[in-house]
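# Structure at a glance
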Amino acid sequence: MISWTLPMGRADQMAALIYMLDIDNAGLDACLRTGEQGRSLLQPYQQFCSSISLADFLVIAAEAVMTSTRERERAARPGASAVDFRSQFRFGRTTAQSCDFAQGRLPNPENGCSAVEQTFLQRMGLDWNEAAALMGVHTLGRAQVANSGYHGWWSDPENSRRFNNDYYVSLLAKGWVPERAVSGNSQKNQWERSDIGRDQSFDGHEMMLNTDICLAYSENGNPVSATQHNCCAWLSSNVITGAVQNNGGEFCGGQGGGGAGRERGQCCGDAGANDCGSRNNPSGPAAQAVLSFASNEAAWLQTFLRAWRIATENGFEASLQGLGQCQTSTTASPSSTSSVPTTVPPA
């Protein structure tokens, strides 16, 4: 995970930080430097290291992944719109030589929505809609115990290869119950899929973190947490018609309807837990955004692009330049804390 959590106004430091000693970044070393499945980002960066700062390159790399996986979604669903990072990309981020001060600035999933609020709203200046939109990057990939201590897909394995809104669909159209002490570690707690459609194999395990579930679900006025609440997170099918439609018509692994008792049994199984708040009126701090994004992918993409720009330009707003504005730049070492590239490869 890349940390975009500098205090507002810290333009003297790098806005894109990768603090490799942070426990939540345990999986990045192979991807960025040593190689994963024979490849690393170091290889392509070597082709451009004299013309673009590492900080800018990492933003471009992230946008390239989202663009590529969005095209995979468009191939499977021809009506899906493209995502346009290039038109809003600006360069000129500088690369700090060290960033020990960044330790602990990533949101701790155990702290749920208090961590989301501290990181995304207070430090980065986003609102709850934008914070929820930025969390949509969880639609890609999965968590592994060896890296983060958590285990599973935020979506099913196929959708986790596509940049789409299935993260929000999964939050609403599936049932979730606490899964405590992941892999025997009491410091790692998450939510596991509980409905009749869950994959009970190790490799197919689906999960959500506290920082995901809390966006939509609260109990007695408090966003839910796997360690503090013994409840089942689910919603009535008639409340989430858009999410169910975008889930291929599937509700909690089957069909909706038949009354609240039947739907609850389908979503929660025999879990000895109450509901996480009202099944008809989700009240998490970003519940309305999650409902909107699950039913309207275009609304999510629009909000995500705005949030992404704020996140990746934080602290550098006044000094960045758009593509085509390179003529006044000067060449400098990419490792310098004041380097600005003279040319930028396509974003």
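Residues numbered from 1 in each chain as written. Predicted model: local features only at pLDDT ≥ 70, side-chain atom pairs only at ≥ 80, totals over all residues. Heavy atoms only, no water.

## Let's talk about the overall build of the chain
When you go through the chain residue by residue, the secondary structure sums to eleven helices and eleven strands. In the chain, which comprises 347 residues, the proportion classed as buried is 53%. Pairs at least 24 apart in sequence give 67% of the contacts found in the chain among residues at least 6 apart. With an accessible surface of roughly 14900 Å², the chain has 48% of that area assigned to carbon and sulfur atoms. (Helix = DSSP H or I, 4+ residues; strand = E, 2+ residues; numbered from the N terminus. Buried < 20%, exposed > 50% of the residue type's maximum accessible area, 1.4 Å probe, protein only. Contact = heavy atoms within 4.5 Å. Areas by Shrake-Rupley, 256 points an atom, 1.4 Å probe, with all protein chains shown as cover.)

## A short note on the confidence of the model for the chain
Summing up the model confidence of the chain, the mean pLDDT is 87 and the portion of residues at 70 or higher is 86%. Throughout residues 1–17 the model reports pLDDT below 50, and contacts reaching past four residues in sequence, or to other chains, amount to 60 contacts. Throughout residues 329–347 the model reports pLDDT below 50, and contacts reaching past four residues in sequence, or to other chains, amount to 57 contacts. (pLDDT = per-residue confidence, 0-100.)

## A closer look at the pairing of strand β5 (residues 190–193)
For strand β4 (residues 176–179) and β5, the ladder comprises four bridges, and the chain directions are antiparallel. Within β5, the residue paired with Glu179 across the bridge is Gln190. Of the pairings in the sheet, the one linking β5 to strand β6 (residues 207–208) comprises two bridges and is antiparallel in character. Pairing of Glu192 across the sheet is with Met207, part of β6. (Pairing = 2+ DSSP bridges.)

## Focus: the pattern of salt bridges
Summed over the entire model, instances satisfying the criterion amount to 16 salt bridges. One salt bridge connects Glu297 with Arg70, and the closest N-O pair in it is separated by 2.8 Å. Residue Glu297 is located in helix α11 (residues 297–313), and its partner Arg70 is located in helix α3 (residues 54–76); the two are separated by 227 residues in the primary sequence. With a relative accessible area of 11%, Glu297 lands in the buried category. According to the relative accessible area criterion, Arg70 is buried, its value standing at 0%. Sharing partners across several salt bridges, the network here consists of Arg70, Glu73, Arg77, Glu158, Arg161, Arg162 and Glu297. (Salt bridge = Lys/Arg side-chain N within 4 Å of Asp/Glu carboxyl O.)

## So, the state of the cysteines
Scanning all chains against the criterion turns up four disulfides. Note on cysteine connectivity: Cys113 is disulfide-linked to Cys214, with sulfurs 2.1 Å apart. Judged by the sign of its S-S torsion, about 90°, the cystine formed by Cys113 and Cys214 is right-handed. On the criterion of sequence distance, the pair formed by Cys113 in helix α4 (residues 112–123) and Cys214 in helix α7 (residues 210–216) is long-range, its members being 101 residues apart. Residue classification places Cys113 among the buried positions, given a relative accessible area of 7%. (Disulfide = S-S within 2.5 Å.)

## A word on the packing of helix α6 (residues 166–173) against helix α10 (residues 287–295)
Taken N-terminus to C-terminus, the directions of α6 and α10 make an angle of 115°; their axes are 8 Å apart at the nearest point. Crossing handedness for the pair α6 and α10: left-handed. Residues Tyr168, Val169, Leu171 and Leu172 of α6 pack against Val290, Leu291, Phe293 and Ala294 of α10. (Axes fitted to C-alpha atoms, helices over the stretch in contact; angles between N-to-C directions. Left-handed = near helix turned anticlockwise from the far one by under 90°.)

## Quick notes on the environment of Pro157
For Pro157, the location among the structural elements is in the loop between β3 (152–153) and α6. Put simply, Pro157 and His205 are 48 residues apart on the chain and 9.2 Å apart in space, counted from C-alpha to C-alpha.

## Focus: the packing of aromatic side chains
By the definition in use, this model includes ten aromatic pairs. Relative to Phe304, the ring of Trp300 has its centre 5.8 Å away and its plane inclined at 55°; by these criteria the two rings are tilted. A residue pair is termed a helical-turn pair when its members lie 3 or 4 positions apart in one helix, as Trp300 and Phe304 do in helix α11 at four residues. In this pair, the class of Trp300 matches that of Phe304, namely buried. Ring centres of Phe304 and Trp308 lie 6.0 Å apart, and the angle between their planes is 20°; on these two criteria the pair is classed as stacked. (Phe/Tyr/Trp six-rings, centres within 6.5 Å; stacked < 30°, edge-to-face > 60°.)

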